[in-house]
Structure formats: C-alpha cells, structure tokens
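Residue-level structure breakdown
Below, each chain spelled out in residue letters.
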Amino acid sequence: MQRILLSLLIIMVLPTNAAQLKLNDKGYLEMPGLNVTSFADIYPDGHQTGVTIIQHGERVAANGDLRLETSPGQWSPVPVGGKQTLDKAHNRITQTLSYPDPSKDRTGFNPIIYPDLKFSYQVNVEALNNNRFKISVDLDQPLPKEWIGKVGFNFELFPGLLFGKSWLMDDQTGIFPHQPNGPFIEQDGEVLAAPLGSGNKLVVAPESDRQRISIEAKNNTLTLWDGRTNHNNGWFIVRSLVPAGATKNAIEWIVTPHVIKDWQYQPVIQVSQIGYHPDQQKVAIIEQDGSDKSTSDMTLYKLTESGQQKVYTAATKAWGKFLRYQYASFDFSAIREPGMYQLEYRGQKSHPFSISSDIYSRHTWQPTLEYFLPVQMCHMRVNEKYRVWHDHCHHDDALMAPTDLNHFDGYISGTSTLTDFTPGERVPQLNKGGWHDAGDYDLRVESQIGTVWLLSMMVEEFGLDYDATLIDQDKELVEIHHPDGKSDALQQIEHGLLTVLGGYRSMGRLYRGIIVPTVRQYVMLGDAGSQTDGLYQDNNLSSDQVKGVHSGKQDDRWVFTEQNPGRELYVAGGLAAASRVLVDYNPDLAKESLEAAKAIYQAAIDNKDKFKPQHRNSQVFALTELLLSTGNNHYRSQLFALQDYIVEHIADTGWAIGHILATIDNSQFKQAVTAAVDTYQQQLRKEAEDSPFGVPYKPNIWGAGWTIQQFGVHQYFFNKGWPALTGSDFYLNALNFVLGVHPGNNSQSFASGVGSESALVAYGVNRADWSHIPGGVISGTALIRPDLPELKIWPFFWQQTEYVMGGGATNYMFLAMAAEQRFKAAK
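None of these values were measured; they are calculated from a predicted model.

From N to C terminus, the chain includes 16 helices and 42 strands. Scaling as 2.2 N^0.38, a compact globule of 827 residues should have a C-alpha radius of gyration of about 28 Å, and the chain matches this with 29 Å. Expressed as a percentage of contacts within the chain between residues at least 6 apart in sequence, the contacts between residues at least 24 apart total 69%. Accessible area for the chain stands at about 32,400 Å²; split by element, carbon and sulfur atoms hold 49% of it. Counting 70 positive and 91 negative side-chain charges, the chain places the centres of these two groups 6 Å from one another.

To continue, consider empty space enclosed by the protein. Evaluated as defined, the whole model comprises five cavities of 30 Å³ or more. Lining the largest cavity are 16 residues, and of these P44, H47, P72, G73 and E156 sit closest to its centre. For the lining of the largest cavity, the class distribution of residues is four nonpolar, nine polar and three charged. Considered as a void within the structure, the second largest cavity measures approximately 60 Å³ in volume. For the second largest cavity, the full set of lining residues is Q55, V60, L157, F158, L161, L162, V204, Q211 and I213. By residue class, the composition of the lining of the second largest cavity is seven nonpolar, two polar and no charged.

This next bit is on the layout of surface pockets. Roughly 840 Å³ of volume is contained in the second largest pocket. Those elements that provide at least two residues to the lining of the second largest pocket are β1 (22-23), β2 (29-31) and β3 (34-43). Looking at the lining of the second largest pocket, its residues break down into 13 nonpolar, 11 polar and nine charged.

Core analysis: the biggest nonpolar cluster contains 165 residues, and F332, L343, I493, L575, L639, I657 and F814 have the highest contact counts within it. Examining the composition of this core, we find that 10 residues originate from one element, helix α3 (residues 445-462), more than from any other. Leaving out residues up to four positions away in the same chain, I657 has contacts with V620, T624, L639, I646, I664, F669, V673 and W722. One finds L23, I93, Y121 and L139 within the second-largest nonpolar core, a separate group that totals 63 residues.

As a further point, take the packing of aromatic side chains. Tallied over the entire structure, the rule returns 56 aromatic pairs. Ring centres of Y99 and Y121 lie 6.4 Å apart, and the angle between their planes is 20 degrees; on these two criteria the pair is classed as stacked. Residue Y99 is located in strand β7 (residues 92-99), and its partner Y121 is located in strand β8 (residues 119-127); the two are separated by 22 residues in the primary sequence. Of the two residues, Y99 and Y121, both sit in the buried class. With centroids separated by 4.8 Å and ring planes inclined at 55 degrees, the aromatic side chains of F176 and F236 adopt a geometry described as tilted. Residue F176 is found in the loop between β12 (172-175) and β13 (184-187), and its partner F236 is found in strand β19 (residues 236-241); the two are separated by 60 residues along the sequence.

What follows is about helix α14 (residues 729-738). In terms of burial, α14 is largely enclosed, as nine of its 10 residues are buried. Buried within α14 we find F730, Y731, L732, N733, A734, L735, N736, F737 and V738. Phi for G740, located one or two positions after α14, is positive at around 135 degrees.

With that out of the way, let us pick up the pairing of β8. Among the nine residues of β8, eight are classified as buried, and the element is accordingly described as predominantly covered. As defined by bridge partners, β7 adjoins β8 across eight bridges and the pair is classed as antiparallel. Looking at the pairing, T94 lines up with N124 of β8. Bridge count between β8 and strand β9 (residues 133-139): seven bridges; the pairing is antiparallel. Of the residues in β9, the one forming a bridge with V123 is V137. Following β8, the chain reverses through five residues before pairing antiparallel with β9; N130 in that reversal takes a positive phi of roughly 55 degrees.

Before going further, it helps to spend a moment on the pattern of salt bridges. Per the counting criterion, the structure on display carries 35 salt bridges. A salt bridge links R336 to D279; its shortest N-O distance comes to 2.1 Å. In this pair, R336 is assigned in the loop between β27 (325-331) and β28 (339-345) and D279 in the loop between β22 (275-276) and β23 (283-288), connecting sequence segments 57 residues apart. Judged by relative accessible area, R336 falls into the partly exposed class, the value being 44%. Residue classification places D279 among the partly exposed residues on the basis of a relative accessible area of 37%. Residues K598 and E595 are paired through a salt bridge, measuring 3.1 Å at the closest nitrogen-oxygen approach. Of the two residues, K598 and E595 are both situated in helix α7 (residues 587-606); the distance of three residues between them amounts to about one turn of the helix. K598 sits in the partly exposed class, given a relative accessible area of 27%.

On to the sheet that holds β8. Spatially, the nine strands line up as an open sheet ordered β6-β7-β8-β9-β20-β17-β16-β11-β12, and their pairing is antiparallel. Each edge of the sheet is formed by a strand with only one pairing partner; in this case those strands are β6 (80-87) and β12. Adjacent strand axes in the sheet meet at a mean angle of 15 degrees, parallel and antiparallel pairs treated alike. Across four bridges, strand β11 (residues 166-169) lies against β12 in antiparallel orientation. The residue bridging W167 from the neighbouring strand is G174, located in β12.

The next subject is the confidence of the model for the chain. The share of residues in the chain with pLDDT of 70 or more is 96%, and the mean pLDDT across the chain is 94. Confidence drops under a pLDDT of 50 for residues 1-17, and excluding neighbours within four residues, the segment shows zero contacts in the predicted structure. pLDDT under 50 marks residues 538-551. Its contacts with residues more than four places away, or in other chains, come to 22 contacts.

With that settled, consider helix α12 (residues 667-688). One turn of an α-helix holds 3.6 residues; hence residues three or four places apart share an orientation. Its 22 residues place the ends of α12 31 Å apart at the C-alpha level, agreeing with the 32 Å of an ideal helix rising 1.5 Å per residue. All buried positions along α12 are accounted for by F669, V673, A676, V677, Y680, Q681, L684 and A688. Down the axis of α12, the buried set is contained in an arc of 145 degrees. They therefore lie on one face. For α12, the exposed residues set more than 90 degrees away from the buried face come down to Q671, T679 and K686. Contacts from the buried residues of α12 go to α9 (633-641), α10 (643-648), α11 (650-660), α13 (705-721) and α14. The opening residue of α12, the one whose side-chain oxygen lies 3.2 Å from the backbone nitrogen of Q668, is N666.

What follows concerns the sheet that holds strand β26 (residues 317-322). Taken in spatial order, the four strands make up an open sheet running β21-β23-β27-β26, and their pairing is antiparallel. One side of each edge strand has no neighbouring strand; the edge strands of this open sheet are β21 (268-270) and β26. For this sheet, the mean inter-axis angle between neighbouring strands, taken without regard to orientation, is 25 degrees. Examined bridge by bridge, β26 and β27 share five bridges and lie antiparallel to one another.

The rules behind these values
- Residues numbered from 1 in each chain as written.
- Predicted model: local features only at pLDDT ≥ 70, side-chain atom pairs only at ≥ 80, totals over all residues.
- Heavy atoms only, no water.
- Helix = DSSP H or I, 4+ residues; strand = E, 2+ residues; numbered from the N terminus.
- Rg over C-alpha atoms; globule rule 2.2 N^0.38 Å.
- Contact = heavy atoms within 4.5 Å.
- Areas by Shrake-Rupley, 256 points an atom, 1.4 Å probe, with all protein chains shown as cover.
- Lys, Arg positive; Asp, Glu negative; His and termini not counted.
- Charge placed at Lys NZ, Arg CZ, Asp CG, Glu CD.
- 1 Å grid on protein atoms, 1.4 Å probe; cavity = no way out; pocket = protein on both sides within 12 Å on 5 of 7 lines; lining within 4 Å.
- Points joined across faces, edges and corners; volume = space filled by probe spheres on them.
- Nonpolar A, V, L, I, M, F, W, Y, C, P; charged D, E, K, R; others polar.
- Core = buried A, V, L, I, M, F, W, Y, C linked by side-chain atoms within 4.5 Å.
- Buried < 20%, exposed > 50% of the residue type's maximum accessible area, 1.4 Å probe, protein only.
- Phe/Tyr/Trp six-rings, centres within 6.5 Å; stacked < 30°, edge-to-face > 60°.
- Pairing = 2+ DSSP bridges.
- Salt bridge = Lys/Arg side-chain N within 4 Å of Asp/Glu carboxyl O.
- Axes fitted to C-alpha atoms, helices over the stretch in contact; angles between N-to-C directions.
- pLDDT = per-residue confidence, 0-100.
- Expected span 1.5 Å × (residues − 1).
- Arc of directions from axis to C-beta.
- Polar contact = N/O pair within 3.5 Å; in protein donor to acceptor, adjacent residues only side chain to side chain.

Written as structure tokens, this is what we have:
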C-alpha cells in the first residue's frame, strides 16, 4: 500500500506538460528544440533525404536510409520512394522504398548504374518518451547472401558543426577530424579510411548541449566512418549492416538528441549587408521562433568614433508566419543621414551597414566584373599579381562526342552528330573563349550567351564602361587589377562570342555543351589547366588541318550538339544584342554576330518537327533583340503576329516587350499587351504578400537566389516599359534578398565578398580550399522540406552555395547597376 501511495505521489509531482516528440500536421515529429523528418525530401546525392534531425534549429544529421555502399557518392545507387504513412495515434512515420529506381537506372539526367539487386523495405520512425525516437527497418524479403555485409543503414552527420568535437563509442573515444586521415582499408571495392570506431552506442559531441546526440543499436553494431575519404563532399557516417536472414526490425536504433529545456529560436535581423541609399525604402525583417507571436521595439544605432549612438527606436510590425518562423518588419526609411548603422532587437544585433548616396557605386557589382568573370574565363591563364587563379586550360578542345550517349552530367547525343564531323573527330575553333560554368568547368551554350546578353544589357542600359583587367586574346592572358585601357565588359562579351561563334563557324550549328568525358576529370578540384593535358594528337597542325585528325588524347573534352529550337532562339537573341554594343569595339565580330543571329533564328523557326509551343517564349525574346538590331519590319510583323501568345504568357514574354516598347507604334498590340501587364502586376502584388520579403517567393530544394535575381531583372524591363503600372520595388527587393534580406539564421550576402558578411565558402572551382571567388553569387538559402530555410557554411552544397554562369552573378550585377541608376536618376 505504501508503494502504491509513493508511486501516486511521484506521478503527481512529475510535470504533466513535459515536452514530448509528436507527429505534427506537417508530417514530422516535433517538440521545442527538436524536429525529426523522414523522407520529406528525396535528394540523397544532395545529402537531403531520409531520416533527418533538426536540433535547436540546425540540421545536424540526414540521409538516414539503406545504402548499398559504406560511403556512397553522387552517382551511387539510390532507392525510389514509395508510399508514406503517417500514424498520429502512435507518432509514427513509415516510408516504403525499393531498389532500383527505374527513372535513374542508366537513364535521365545524371544516370546511375545499378547492380542486379531488387528489394523493397520500410523505414519506420517512431517517437518514444520525451526526446527519444526509434528508427527501424523492415525488409519484405531477406537479402541475397551475396549482399550480406554490403547493404546497411547509413545515417550521416553534418561535418561542418562537428570538426574538433568529441565522440564516445562504448569504451572508445575520439575527435571528429578536420580532414580525413588513415590508415586505409578496402571496402565495397574502394579504399576508405578505417572506421573511427565501432560499438553499440555512439554519443556525438557529449560536451555540447546544443549538439549532443546518442545513438544506440538494439541488435546491430554501429560503425562510425569518415565519408570524406573517397568523396571530398562526404559527411561522417554512422552505419549498421543488415544481418543475414533479417526482415522485421533488420535495423533497430534508439536515437536521443539532447534538447535544452524551454529552448527558443533566437531572433535574426535580416537587413542589407551593404546598406541603403538615403532615398531608398529601408525595411529590416525580424525572424523569430514560430511559437512567439509577440513583437518588441527595434533600436537603430549610428556608429560613431565613441561607439554606438541611439538615433531611433520604434515598434516592429507583426507580419505573421512563413515556413516555420514568425516574422515582423521594421521600417526606418525616414533615416536619411549618411553614416554607418546597426540595428538591435531583444539583445540581438545586426551587422554594420551603411546609408550613403554612393552605396552602389563601389564594392557592389564591381567584384563580379573584376574577379568572378575573369577567373571563370576558359582557354586563358588568369593571374592576379602574385596569384595564379588558373593556368592555360583546355587548348585541346574539342572532340565530337560519341552518338547514342547519355553523359553523366545530363548531355545526351542522338543517333547523329548533326554535323559533318564523326564521333572522336576534332572540331576546330572551340579552343578560344567562353567561361567555365559553375564549379565543373564545362561550357553550356545557354550559360555563355546568357552572360553575353546580360553584359550587353548593362552596356546599353547603364553605360557600363569600366576597366580593371588586362585581357589579351593573342597571348591568352588575363591580368586582374591591371587596366589595359579597354572596357572590361566589351572584352568579356567578345570572349563569350569567341566560343559561341567558333562552334557555329566550324559546325554550321550551335554546340549544346563542351565537357570532359570521364567522371574522374569532372569531379576534379583544382587548377582548370590540370583537367586536360592541353595537347592535340599532333600539336603541329594548323587550325584548318585539325579537322581531319581522329581520336586524340583520351582526356580531350567532348562537344555535344542538339536540335533545340528554344535554345537556338535564345542564343539568336543574345547574339543580336551583342552585335549592337560591339559595333564600334569589334565591328567584324559585331557583323558576324548579327548575321549568325538571323540565320540561327530562321533555322529554328523552320524546324517544324522540333519546334514546340513553349519555344515561343524564346522566339519573342529573339524577335525583340533582332528588331532592335535591324529595325526590320519582317521581325516586327512576326512579333505582332504573336500577340495572343504574348498576352496569354505575359509573365514569360512581357519583360522582353517592355525592353522595346518605346519602338512599337502598333496601338492595338500595345493596348492588348499593356492590359495583360496590368493584370499580371496586380497578381504579382498579391503573390508578394505570401512572404515578408517583398517578392514572390516559393522556397524550393535549390536556393531561390538565382530565380529571384532573374525575376528582378525581368521586373526592371517591365518597369522600363510600363512605369505607370509597375515600380522599382520588385527589382530593389530582389537585390536586397540577395544582399541579406532572406529567411534563415544565416543572413549573409549571396554575393561573395560583398557586404559585412557574405558567402566566403562557396561551391566554386576553389571549393576544396573552403574559399570563394569575389563577385560570384551563390544559389542561396534552400528549403529543407517542409519548412526549414537553410544556408550552411559548407563548400559542397551545390543547391545552396554553387556559383553559376549565365545569370547567377551577372543578374546580380545587373540589379546592383539598376539600383545605382535608379537613385542617380532620382537626384
């Protein structure tokens, strides 16, 4: 009786409202300080799938799933997701999966070679008491005996938060190393570093209340691996093998992430990393815990020689909930006095920022032109005083690609090369010009012409004339910060045309892309000059003799072709634009560019078998540029004939019309398009209200920065054509989004080297050095589904920190120059 009374007393004094993991309406387990999602994303090659832990607002572990290798990479087999079942009564998530994935097995973009293994299974995640949960895996059938010891449950720990932290594994201890270290063993046919430890219970970061996690295997052994030995972008991996004959509970783990009592997400102040023009609207966004609907005052300080000087305190305005957070805004547009400032909210301070009439005149768009574009230049040696960014590269370009090939990076060749060249035959005039796209050195024609077009627009719209770089095409030499008396923008446009027109001259058509033939070359991190040996099979041949040489070195890049009227029309438009701005600088190239634009345009619209309705968007773009370049009524008539299509697809076509609206004298056409623009802009205003950031924003698995920048550029041209129906706020807000007014706890500028805090670790060609290229612009804050905005300091997330050509950096540059012009014009 005494025991019963004692037990009742204990129950009475225990808290009845203790935090407990529960399955919420968004489909994941939740409690303050801890979320556990299960296959909310299916993107394993991006480390974004499977069982995932979000601890105190940070994603710390992911990709919990069965894998066929100890340390899988980008082209490793992955399962296909099936039905997901949410059991609220038992706080349980069950995901059905199977191998192989038929949509990836030797087909599609980034095709994967699967082994002869088929099986299905379920991954179960179930909340236990308090902050504990169980992971279990059930197989429909036991694994074939030849796969025993190969298939295991992998759970990946994000390395960036663990370097220098400790781990405990039964009676073993260790430190998570900054770099992978030996000794080495052979595992799954690869050489890997020996496991860091093995046992039944792993404790991660025991010294950190914010990061401590324990993982206990019930009937399996845990092994801790360093996944960076065979893949630079790997994570630390906790792995248990599936036992022979196992089906039900083949894997069973108990996971206990530590949770700080009463934890709340600390407010984040999101404000431009560079600052504002005095006449500009200035609105800071406050992001705070999703359960916190209250607001507080914000204080603005001016930074003086004696420290902070309070200049303005006012209430913040509640906005509401977006994704998982509550938001508020603080409008300090009334503050116009030049100076350095800082904001404070609930003890949290923003970075310093400026209010200045020349805020966009220096240190904003200039790094893109001074650094990023020169560094990305192919077929050149790029120096910066003592530094060599990369040596001469890819002078052995290019061999005609094989036919009937699905390349590992998405290039596809058909049954014909579409040219007079046979597979393996050298195509001349491809070893000059162009920029390496993204972090993998290939040349995509749309990236080349997109960069050309944007630079041409900056010359036309803003009078871009800036010289900071020596570019010598004869010597194939670039010297950063060595002015040569020529416009850098015109030299860069010329450089882009050399590759696009070089291919067109040689093949009579555009190339689709130029890329290395092997994965080993593709994943290379280092000097671009090391990717190929730069030598022809016979180095003594002149360019007009090279066409007859077959094969060549096995490391020479391949050139792919395609029939794609949409892409061809896009290129035609870019060539037409370039012809206008080069007419004085390089009249011969300008003339060739315009003639090629006209021929490519005509061939594309004549290709009835391949022309699709969606290609009309590119046709409208091409027609507007050709009309500006030629004034030819033939193009004018074709444009007017597309009136119904333009009106119906105004979001995709209207900006191009805005660019040339002043030259159009067809009142009926103008009225129809203007009415459509009016409706579209009203729709945009409503869509912009869906987030606190002043632009239509729908987060996705990839960072939205590039998309929002492109939106901003298009809105500039809408505003140019219809100033009475539009404003400059959309393109200015798009710029601010890139410069720091974006969701998540990392409010850095997406433009590397621009602003107080910026992306100084990026997915560029120097990512292995945890470095950046000034003026490059990353993809930016991504969505960890369903509701976590994330931008990690990690050089290997292409979906968050990748640079790209064709818009990523040059769209940003355009927006910064548009802002500069906007406030100069207002004086």
